[in-house]
Every structure is written in structure tokens, then in C-alpha cells.
Amino acid sequence: MSTKKPKKSLGLGREHKDITCAVRLPQTLYNQLCEVAKTENSSISDVIRSSLVSRIDLFCDQKMERELKAAKLEAELRKLRQA
């Protein structure tokens with residue numbers, strides 16, 4: 001039996017290979033990021049990944065709402081043209 005602790009899951013469906021990238025941050029933002037990671041007993045990378053997933057989910061939800069609104073307007077226009 002293995003005694004290794006499982007890695008924390010962010011629910012990100014981790015791919016086999018991670019990409020490393022550099023991001024420039026103002027010192028104040030970096031300090032806040034460090035504080036969040038420390039408070040959550042997490043790593044800076046985990047906080048960044050989690051934040052990115054939240055932002056991407058929000059973007060996808062907003063995009064879906066816009067597309068739904070456009071589809072409803074299109075259906076209403078078709079209905080008016082038929083009348």
C-alpha cells in the first residue's frame with residue numbers, strides 16, 4: 001500500500017503535461033496573492049489556477065447567455081416575419 005499523500009484536486013481535470021508561463025504582476029497584487037495562498041494553506045500556482053478556472057467559467061456562462069438571448073431574438077424576429 002502506498003503512503004504517498006494524494007495531490008490536492010482543483011477539479012481541473014489535470015492534463016498529462018503542464019505548461020509553464022510567466023506573468024508580470026505588480027508587487028501589491030503579488031503580495032495579495034501570497035497572502036491568499038498562505039491563508040488557504042495552498043500554493044500561489046493553485047490560487048492562480050483556481051482563479052483562472054473561475055474566470056473562464058464566468059466567461060463561458062456570459063457567452064452562453066448572450067447566445068441564448070440572440071437565439072431568442074432571432075426566433076422572435078422569425079415569428080414576427082411570418083405574421
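Small disclaimer: the values here were computed from a predicted structure and weren't measured.

**Considering unusual backbone geometry**
- Non-glycine residue N41 carries a positive phi angle of around 50 degrees.
- Counting through the fold element by element, N41 comes out in the loop between α1 (27–39) and α2 (44–82).
- According to the relative accessible area criterion, N41 is exposed, its value standing at 62%.

**Description of the packing of α1 against α2**
- Relative orientation of the contacting elements α1 and α2 amounts to 100 degrees, with a least axis distance of 8 Å. Relative to α2, the element α1 is oriented roughly perpendicular. Within the contact between the two elements, α1 uses Y30, L33, C34, V36 and A37 and α2 uses I44, V47 and I48.
- A per-class count over the contact of α1 with α2 returns eight nonpolar, no polar and no charged.

**Things to note about α1**
- Taking 1.5 Å per residue, 13 residues should reach 18 Å; α1 reaches 18 Å between its end C-alpha atoms and fits that length.
- Backbone geometry just after α1 places N41 at a positive phi near 50 degrees.

Thresholds, definitions, all that
- Residues numbered from 1 in each chain as written.
- Predicted model: local features only at pLDDT ≥ 70, side-chain atom pairs only at ≥ 80, totals over all residues.
- Heavy atoms only, no water.
- Helix = DSSP H or I, 4+ residues; strand = E, 2+ residues; numbered from the N terminus.
- Buried < 20%, exposed > 50% of the residue type's maximum accessible area, 1.4 Å probe, protein only.
- Axes fitted to C-alpha atoms, helices over the stretch in contact; angles between N-to-C directions.
- Parallel < 35°, antiparallel > 145°, perpendicular 65-115°, else oblique.
- Contact = heavy atoms within 4.5 Å.
- Nonpolar A, V, L, I, M, F, W, Y, C, P; charged D, E, K, R; others polar.
- Expected span 1.5 Å × (residues − 1).

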